[in-house]
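Spelled out, the chains give:
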Amino acid sequence: MNVERTKVAIVGAGPSGLLLGRLLERHGIENVIIENRSREYCESRIRAGILEQVTRDALTEAGVADRLEREGMVHGGIYLNFNGQRHHIPMDELTGGRCVTVYGQSEIVKDLFAAREATGAPIVFEAEDVSLDGIDNDEPVVRYRLGGVEHEVHADYIAGCDGFHGISRDAMPDGYQQLYLREYPFAWLGIMASVAPSTDELIYAQHPNGFALHSMRSASVSRLYIQVDPNDDIANWSDARIWEQLHIRMATDGWTLHEGPVTEKSILPMRSFVATPMRYRSLFLAGDAAHIVPPAGAKGLNLAAADVIVLAHALADRYSSGSETGLDEYSDRCLRRIWRAQHFSWWMTQMLHTNPSEDAYGQQLQRSQLEYVCSSTAAAKSLAENYVGLAIEQAVSA
Ligand code: APR
Ligand code: PHB
């Protein structure tokens, strides 16, 4: 048995756990990250790639934004496509100059791993049978097995950053958390294609055949999505069939979608989920462990970053001044921002997807909503301010 002691034990090396570990290191707070997959697996997991200014600033503050500064693509707007027409939403103009940055989540994960490797801060990969103990008597321990040896990490606090399918949420007592869930009758089929993007900014398209999105990863890699049935099988979708639907759903006069070799394709489930409160005694949940949004608002990564920014500050206060106020307020502060993003993500989802069970009346409401967003400055401004993201103070001050 190998026994270790640290201040904060972090379960999970996704964006939440890695950024939290990095921010704590910058505050001089010792921490250990325990991850049950390999580094290669974590680095190759493909996820969304839109960063709010707050997220970008946090990565800069964490000293891991050099490559992001060079390779990230700053976008000041998005396009909405419906009824064969394309409309531009100039988010920067509508929000006093705020923008988003397109930079893949897997690249952020790589940059955070490299930074951790450089400082030598402890991180365990491929930990088996990870479990939490001692939460009830405030002597929290993370246990795991590695290469046949049992390990125990004793900590002051545990940060559950282990995603939607992790074990931390379930370590809270039964019935302690209130769970909120909304499932949708659609999923996204995503492809990565080796072809220059056919657009300068993202295109979100609503079409009777279903939603489509044109995003990108670089000047030579496009990321595209189409709405499919959640029970559909990827084997039913040849590359040719996917491109056909992308052409149909995003069609607009005078514009051409360029095709290229598909290097990855998968179907992604979609749900809205919140578990509250996000703290039980010395256990704090952050990121996907506590909440999930459907991807149409591009909020998942940004919410994860906002959680750990708040948590890192609260822990820094606790260790520098002994004040527990920040820790006590953690859950409520995060949840105000989370519910705003939950609403925005739900709102974008219902505005842009084709719901197979929607009646003709519902279809007319959807069309009217899209027309309103594309013709009223007030409506466009509301979309823009949510999309670029609220300042942390705005979302967290009561
Ligand atoms: N023990 C240790 N690690 C675990 C365990 C476990 N039992 N279960 C899961 N993990 C790891 C996963 O392998 C993963 O590396 O926890 C990490 C969780 O990472 P994410 O799922 O990426 O969650 P998070 O870091 O909160 O990031 C949220 O992910 O889903 C997207 O859009 C979302 O961008 C957002 C981001
Ligand atoms: C992506 O680039 O993967 C992406 C972009 C915008 C979204 C969702 C995903 O809303």
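Use the structure listed above.
Residues numbered from 1 in each chain as written. Chains lettered and ligands numbered in written order. Predicted model: local features only at pLDDT ≥ 70, side-chain atom pairs only at ≥ 80, totals over all residues. Heavy atoms only, no water.

Student: Is there a simple way to explain unusual backbone geometry in this structure?
Tutor: Across residues other than glycine, the phi torsion is negative in most instances, and most of the peptide bonds are trans. Geometrically, the link from Thr276 to Pro277 is a cis peptide bond, its omega value of -10 degrees lying close to zero. Tracing the backbone shows Pro277 in the loop between strand S20 (271-276) and strand S21 (279-280). With a phi angle near 55 degrees, Glu126 is a residue other than glycine that sits in the positive phi range. As for its placement among the helices and strands, Glu126 is situated in the loop between strand S9 (123-124) and strand S10 (128-133). A residue is classified by how much of its surface remains accessible, and Glu126, at 47% relative accessible area, is partly exposed. The phi torsion at Asp138 lies on the positive side, around 55 degrees, for a residue other than glycine. Structurally, Asp138 is set in the loop between S10 and strand S11 (141-146). On the accessibility criterion, Asp138 (42% relative accessible area) is partly exposed. (Helix = DSSP H or I, 4+ residues; strand = E, 2+ residues; numbered from the N terminus. Buried < 20%, exposed > 50% of the residue type's maximum accessible area, 1.4 Å probe, protein only.)

Student: Which parts of the structure should I look at to understand the pattern of salt bridges?
Tutor: Pairing between side chains of opposite charge can happen when their charged atoms approach one another. Throughout the structure, instances matching the rule amount to 21 salt bridges. The salt bridge involving Arg56 is made with Glu69; its shortest N-O contact spans 3.0 Å. Taken together, the positions of Arg56 in helix H3 (residues 53-61) and Glu69 in helix H4 (residues 66-71) put the pair 13 residues apart, joining distant regions of the chain. Owing to a relative accessible area of 12%, Arg56 belongs among the buried residues under this scheme. Judged by relative accessible area, Glu69 falls into the partly exposed class, the value being 44%. Among the salt bridges present, the one from Arg67 reaches Glu71, with a minimum N-O distance of 3.1 Å. (Salt bridge = Lys/Arg side-chain N within 4 Å of Asp/Glu carboxyl O.)

Student: Please clarify how the environment of Phe284 should be interpreted in this entry.
Tutor: Note that Phe284 resides in strand S22 (residues 283-285). Put simply, Phe284 and Lys265 are 19 residues apart on the chain and 34 Å apart in space, counted from C-alpha to C-alpha. In this structure Phe284 touches Tyr157, Ile158, Ala159, Gly160, Met278, Arg279, Leu311, Leu327 and Tyr330, once residues within four positions along its chain are discounted. (Contact = heavy atoms within 4.5 Å.)

Student: Just checking my understanding: could you explain the site of ligand 2 for this structure?
Tutor: Near ligand 2 lie 14 residues; those nearest to it are Tyr204, Ser215, Arg217, Tyr225 and Pro295. One nitrogen or oxygen atom from the side chain of Arg217 is found 2.8 Å from an oxygen atom belonging to ligand 2. Here an oxygen atom of ligand 2 sits 2.5 Å away from a polar atom, N or O, in the side chain of Tyr225. Taking 280 Å² as the accessible area of ligand 2 by itself, protein coverage stands at 100%. Tallied by class, the residues present in the shell around ligand 2 amount to 10 nonpolar, two polar and two charged. (Near = heavy atom within 4 Å. Polar contact = N/O pair within 3.5 Å; in protein donor to acceptor, adjacent residues only side chain to side chain. Areas by Shrake-Rupley, 256 points an atom, 1.4 Å probe, with all protein chains shown as cover. Nonpolar A, V, L, I, M, F, W, Y, C, P; charged D, E, K, R; others polar.)

Student: Even after reading the chapter, I still don't get the pairing of strand S2 (residues 8-11), so can you show me in this structure?
Tutor: Working note: regular strand, side chains alternate between the two faces of the sheet. Judged by which residues are buried, S2 turns out to be covered on both faces: Val8 and Ile10 on one side and Ala9 and Val11 on the other are all buried. In this view, the connection linking S2 to its parallel neighbour strand S3 (residues 31-34) by way of helix H1 (residues 15-26) has right-handed handedness. In terms of strand pairing, S2 meets strand S13 (residues 157-160) through four bridges, oriented parallel. Within S13, the position partnered with Val11 by the bridge is Gly160. (Right-handed = clockwise from strand over helix to strand, strands pointing away. Pairing = 2+ DSSP bridges.)

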